[in-house]
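# Structural overview
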Amino acid sequence: MTRRDPSAAPAAVPTELASTYRPADRYAFLQSGATRLRYAWWDAPAAPRGTVLLLPGRVEFIEKYATEVVGELLGRGFAVVGFDWRGQGLSDRPLADHDKGHIDRFETYLSDLRLFLDTVVAPEAPRPILALCHSMGGHLFLRSLALHGSAPFAAAVTTAPMTRLSQEALLRNVLRLTPPLRMIEQRYLYGTGPFNSIGQPFQGNVLTRDERRFRFTARWFAADPRLSLGGPTIGWCRQAIRSIAAGLAPGVLERIDLPLLVVSAGKDTLVDPASHSPVVARLRHGELVTIADSRHEVMMETDAVRAAFWSAFDRLVRMALG
């Protein structure tokens, strides 16, 4: 069941981001078993051109995209729906340590997404419906399409989808030497821990070359500490590796028949951009656009990179929707 709840809205808005932030017309929770999943809904400003569903990456949350991206989609005539994955944003966390990024298995994410699509998006969203996904969100969206088909979507864009991690071989070796015991699986991955803004310098970051947008996350975490999330657990990493392998298994990608644009970041050092071309080659209606100067977070990059992204997005919309 879905219910509105004032606590599903952010507690405060960072002063520095208020000018471009777009509060949702509706915030609510969807109950998935014992877990509450948060979503937000923006009505189109006039007769809707359709709906865009935002599926963010690991660590991310609705407000990060509501700071700029939602307004840009509303300006294009779309209604927008944002979703917080289980364990992120204001959706319920699976562990007592609020900052641990943990999941029992990625199939839980997929079940949550299916419930959200069937319960909220498909019954309520103005057609046509597009998906805009990033990183982990793109990976999960691809797996969902292969498992359940394209409905209710007309097309999709995914930026830097998590189709292979750049340090995957090293991570596999570490996990091979780490026993999958529950108490160990729930520990932070070696070298990570709770979010600490002091430990997040702009210089040398792997996410974006734009410092203002790089600060979005820390500013929102400071404004509403409930949004905060730190490093992944060992268990999350183990399940991510398994899910990537499942998504790339023979015959899986070939089942996807949705028009799908993959935007690859040429300077990505989190997700391996070399993995995107083979993935797109296996899709029935896939297209690859590489933005050479972009780091991992394409939609949080410099104005020039974002202009290239929006040009590709707009072209897909014209081709898919007419």
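A brief structural summary. (Residues numbered from 1 in each chain as written. Predicted model: local features only at pLDDT ≥ 70, side-chain atom pairs only at ≥ 80, totals over all residues. Heavy atoms only, no water.)

### Thoughts on the pattern of salt bridges
We apply this condition: The working definition used for a salt bridge is a side-chain nitrogen of Lys or Arg within 4 Å of a carboxyl oxygen of Asp or Glu. Exposure is judged per residue with a 1.4 Å probe applied to protein chains only, and the accessible area is read against the type maximum: over 50% gives exposed, under 20% gives buried, and values in between give partly exposed. Every helix listed is a DSSP run of H or I at least four residues long, and every strand listed is a run of E at least two residues long, numbered separately from the N terminus.
What the rule picks out here adds up to 27 salt bridges. The shortest N-O distance in the salt bridge between Arg-215 and Glu-211 comes to 2.9 Å. Looking at Arg-215, the relative accessible area reads 25%, which means it is partly exposed. Owing to a relative accessible area of 40%, Glu-211 belongs among the partly exposed residues under this scheme. The partner of Arg-315 in a salt bridge is Glu-287, and the shortest N-O contact between them spans 2.9 Å. Residue Arg-315 is found in helix H11 (residues 303–321), and its partner Glu-287 is found in strand S9 (residues 286–291); the two are separated by 28 residues along the sequence. Its relative accessible area of 28% is what places Arg-315 among the partly exposed residues. With relative accessibility at 26%, the residue Glu-287 sits in the partly exposed group.

### What about the packing of aromatic side chains?
What counts is decided by this rule: For this analysis, a ring pair means two rings from Phe, Tyr or Trp (six-membered ring only for Trp) whose centres lie within 6.5 Å, classed as stacked if their planes differ by under 30 degrees, edge-to-face if by over 60, and tilted for the remaining angles. In our convention, an over-ring charge means Lys NZ or Arg CZ found within 6 Å of a ring centre and within 35 degrees of that ring's normal.
Tallying each qualifying case throughout the model produces 15 aromatic pairs. Each ring, one from Phe-141 and one from Phe-153, has its centre 5.0 Å from the other, and the planes form 85°; the classification is edge-to-face. Taken together, the residues span a long stretch of sequence, with Phe-141 in helix H4 (residues 136–148) and Phe-153 in strand S7 (residues 153–159) at a distance of twelve residues. Note on accessibility: Phe-141 and Phe-153 belong to one class, buried. Judged by centre distance (4.8 Å) and plane angle (85°), the rings of Phe-195 and Phe-221 are edge-to-face. Of this pair, Phe-195 sits in the loop between helix H6 (182–185) and helix H7 (211–214) while Phe-221 sits in helix H8 (residues 216–223), placing them 26 residues apart in sequence. Residue classification places Phe-195 among the partly exposed residues on the basis of a relative accessible area of 23%. Above the ring of Phe-29, the side-chain terminus of Arg-36 is found at 3.9 Å from the ring centroid.

### Some thoughts on the packing of helix H5 (residues 168–176) against helix H9 (residues 234–247)
To keep things clear, this is the line we draw: Fitted lines through C-alpha atoms give the axes, limited to the stretch in contact for helices. The angle between two N-to-C directions lies from 0 to 180 degrees. Orientation categories follow fixed angle ranges, with anything under 35 degrees roughly parallel, anything over 145 roughly antiparallel, 65 to 115 roughly perpendicular, and all other angles oblique. Crossing chirality is assigned from the near helix's rotation relative to the far helix, an anticlockwise turn below a right angle marking it left-handed and a clockwise turn marking it right-handed. The contact criterion used throughout is that any non-hydrogen atoms of two residues lie within 4.5 Å.
Viewed as axis vectors pointing N to C, H5 and H9 meet at an angle of 120°, and their least axial separation amounts to 11 Å. Put simply, H5 runs oblique to H9. By crossing handedness, the relation of H5 to H9 is classed as left-handed. On H9, the residues touching Glu-168, Leu-171, Arg-172 and Leu-175 of H5 are Ile-234, Cys-237, Arg-238, Ile-241 and Ile-244.

### Some words on empty space enclosed by the protein
Convention followed: The definitions used throughout rest on a 1 Å grid laid over the protein atoms alone, on which a cavity is an enclosed set of points accommodating a 1.4 Å probe that cannot get out and a pocket is an open set flanked by protein within 12 Å on both sides along at least five of seven lines; lining residues are those having an atom within 4 Å of a point. Grid points are joined across faces, edges and corners, and a volume is the space filled by probe spheres set on the points. For this scheme, ten residues count as nonpolar: Ala, Val, Leu, Ile, Met, Phe, Trp, Tyr, Cys and Pro. Four count as charged, namely Asp, Glu, Lys and Arg, and the remainder, Gly too, count as polar.
In total, this model carries three cavities of 30 Å³ or more according to the counting rule given. Within this model, the largest cavity holds a volume of roughly 90 Å³. For the largest cavity, the full set of lining residues is His-139, Leu-142, Arg-143, Met-162, Thr-163, Ile-244, Gly-247, Leu-248, Leu-253 and Val-279. When contributions to the lining of the largest cavity are tallied by element, the ones reaching two or more residues are H4 and H9. At three residues, the largest contribution of residues to the lining of the largest cavity is made by H4. Split by residue class, the lining of the largest cavity holds six nonpolar, three polar and one charged. Computed from the structure, the second largest cavity encloses a volume of approximately 40 Å³. Every residue along the wall of the second largest cavity is listed here: Trp-42, Leu-54, Pro-56, Phe-61, Ile-62, Tyr-65, Val-70, Gly-82 and Phe-83.

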